[in-house]
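Here is how the chains run, residue by residue.
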Amino acid sequence: MKTLMIYGASGYTGRMAAAHAKEAGLKLVLAGRDKAPLQALATRLGVAYRVFALDSAADVDYGLQDIAVLLNCAGPFAHTAGALMEACLRAGVHYLDIAAELDSYQLAERHDLGAAKAGVMLMPGSGGSVAMLGSLAARAVEHVPTPVAIRIALHVAGSMSRGSAISASQHVAAQCLMRKDDVLTARAPDALRDIDFGIGPVSCFPVTLPELITIARQTRVRDIETFVHVSGSAFPEGGIDALPDGPTAQERADNRYQAAVEVVGANGDITRAVLDTVNGYSFTPLAAVMAARRVLAGEARPGFQTPVGVFGSGFAETIADTRISLIDPTAPTAR
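All residue numbers refer to positions counted from 1 along the written sequence of the respective chain. The predicted origin of the model limits local features to residues at a pLDDT of at least 70 and limits the giving and counting of side-chain atom pairs to 80 or more, whereas totals for whole chains, interfaces and linings rest on all residues. No hydrogens and no water enter the side-chain calculation; it runs on all heavy atoms of the structure.

For every residue, the predictor assigns a confidence score, pLDDT, that lies between 0 and 100. On average, residues of the protein score 92 in pLDDT, and 89% of them are at 70 or above. The contact criterion used throughout is that any non-hydrogen atoms of two residues lie within 4.5 Å. Predicted confidence for residues 330–335 stays below pLDDT 50, and this span has ten contacts to residues more than four positions away or in other chains.

Turning our attention to the layout of surface pockets. Left-over empty space is what a probe sized like a water molecule reveals as it rolls over the atoms. What the second largest pocket holds in volume is close to 160 Å³. Put simply, the grid is 1 Å and covers the protein atoms alone, a cavity is a trapped set of points that fit a 1.4 Å probe, a pocket is an open set with protein on both sides within 12 Å along at least five of seven lines, and lining residues have an atom within 4 Å of a point. Around the second largest pocket, the lining residues are His-20, Glu-23, Ala-24, Leu-286, Val-289, Met-290, Arg-293, Thr-318, Ile-319 and Ala-320. For helices the rule is a DSSP run of H or I covering at least 4 residues; for strands it is a run of E covering at least 2, with both sets numbered from the N terminus onward. Elements with a minimum of two residues in the lining of the second largest pocket: α1 (12–23) and α11 (280–296). Tallying contributions element by element places α11 first for the lining of the second largest pocket, with four residues. Classes in brief: Ala, Val, Leu, Ile, Met, Phe, Trp, Tyr, Cys and Pro nonpolar; Asp, Glu, Lys and Arg charged; the others, Gly included, polar. In terms of residue class, the lining of the second largest pocket is made up of six nonpolar, two polar and two charged. Grid points are joined across faces, edges and corners, and a volume is the space filled by probe spheres set on the points.

This brings us to the pairing of strand β5 (residues 94–97). Covered by surrounding structure in β5 are His-94 and Leu-96 together with Tyr-95 and Asp-97, the residues of both alternating faces. As judged from the four bridges shared by strand β4 (residues 69–72) and β5, these two strands associate in the parallel manner. Its bridge partner being in β5, Val-69 is matched across the sheet by His-94. Handedness of the β4-helix α4 (residues 81–91)-β5 crossover: right-handed. In the sheet, β5 pairs with strand β6 (residues 121–123) via two bridges, with the strands oriented parallel. Counterpart to Tyr-95 in the pairing with β6 is Leu-122. A 1.4 Å probe rolled over the protein chains alone gives each residue an accessible area, and that area as a share of the maximum for its type sets the label: buried under 20%, exposed over 50%, partly exposed in between. For two strands to pair, DSSP has to find at least two bridges joining them. Looking down the strands as they point away from the viewer, one classifies a crossover as right-handed if the path from the first strand across the helix to the second runs clockwise.

Now for the packing of helix α5 (residues 102–110) against helix α9 (residues 211–219). To obtain each axis, a line is fitted to C-alpha atoms, and for helices this fit is confined to the stretch in contact; angles are then taken between N-to-C directions over 0 to 180 degrees. Interaxial distance between α5 and α9 falls to 9 Å at its minimum, and their mutual angle equals 45°. The angle between the axes of α5 and α9 places the two elements in the oblique class. Contacts between α5 and α9 involve Leu-102, Tyr-105, Gln-106 and Glu-109 on the former and, on the latter, Ile-213, Thr-214 and Arg-217. Counted by class, the contact of α5 with α9 contains three nonpolar, two polar and two charged residues. Working definition: roughly parallel below 35 degrees, roughly antiparallel above 145 degrees, roughly perpendicular at 65 to 115 degrees, and oblique for all remaining angles.

On to the pairing of strand β3 (residues 48–51). As defined by bridge partners, strand β2 (residues 27–32) adjoins β3 across four bridges and the pair is classed as parallel. If you follow Ala-31 over to β3, its bridge partner there is Arg-50. Regarding the hand of the β-α-β motif, the stretch spanning β2, helix α2 (residues 35–45) and β3 is right-handed.

Right, let's talk about unusual backbone geometry for a bit. Most peptide bonds take the trans form, and the phi angle of most residues other than glycine is negative. Cis geometry marks the peptide bond from Gly-75 to Pro-76, where omega comes out at -5°. Residue Asp-66 is not a glycine yet carries a positive backbone phi of 65°. Here Asp-66 shows up in the loop between α3 (57–63) and β4. Asp-66 gets classed as exposed once you look at its relative accessible area, which sits at 70%. The phi dihedral of Asp-181 is positive, around 50°, even though this residue is not glycine. Relative to the helices and strands, Asp-181 resides in the loop between β8 (177–180) and β9 (183–186). Judged by its relative accessible area of 47%, Asp-181 is partly exposed.

What follows covers helix α7 (residues 129–141). In a helix, the anticipated span is given by 1.5 Å times the number of residues less one. The end-to-end C-alpha separation of α7 is 17 Å, in line with the 18 Å expected for 13 residues at 1.5 Å each. Burial within α7 is extensive, with twelve of its 13 residues counted as buried. Along α7, the positions that sit buried rather than exposed are Ser-129, Val-130, Ala-131, Met-132, Leu-133, Gly-134, Ser-135, Leu-136, Ala-137, Ala-138, Ala-140 and Val-141.

Looking now at the sheet that holds β6. Strand order in this open sheet of seven strands is β3-β2-β1-β4-β5-β6-β15, and the pairing throughout is parallel. The open sheet has two free edges, formed respectively by β3 and β15 (303–304), since each of these has just one partner strand. Here strand β1 (residues 3–7) pairs with β4 via four bridges, running parallel. Looking at the pairing, Tyr-7 lines up with Asn-72 of β4.

This is the structure:
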């Protein structure tokens, strides 16, 4: 039986992923740099664990011995993805993570050819918005003969975890980008757009999401814009250190996520679709473990891949209570 390693298993999302993997009956090894919380979690779940930091390539290589699939849950991923991707290429281990940072996807792009030659799959974003929005875009694009542009938005509700807040704060000065003529291009961060998530249009602001890379890769559409609508206390105020580890189970249950997509056809018509799912912090570990489970079972393709590219457009709809609905798919609204 092939073995899954979850690195960063003692973190907020890592703990949930570990519990889901154990429940799924996967052969599991937990890993990270801090022994005490890792040992406590491993003891509670009755699984093995390994302690290693990422400063030494030799230590990482030793830690990955006999591992078939690595799921990296240790953010900020700008500090972990590089060392772990490179170690996976050396060891012949498939790499998955839950990154929402563009850097990880650009790194996977740079390693694409080397990964293909090594027979290793790199799938950043195996859970989270990449799985959600990738499926949503794919479902809508299926109904557009010649798609030329995609606008896609995520509705983020509820509170943010401490780890997500740290990652966001470290990328707050990054450029606001869109994909124009298949090139990542700077755009005005204050160019708001009204988008309908199924209950009427709301104002969304442009953000740089990894879907600028992953949706382009899976659809070959050359013009893509990404937006976010925030409600509740999704973005923290005050000091990050004062934030709780993450939202409680009740807070997650009370704050579902939605997403919306507009696909523009060559004739100028727009096809719309919406997604409704559980809270992102519940969806992410479920989707990532499902992806890992399928990769362990042999669903892998060498090189840089997306969840939709490997598992199909219906991947998100296999996770928890996730629904995708087309809005008037037979009569698109004119632009």
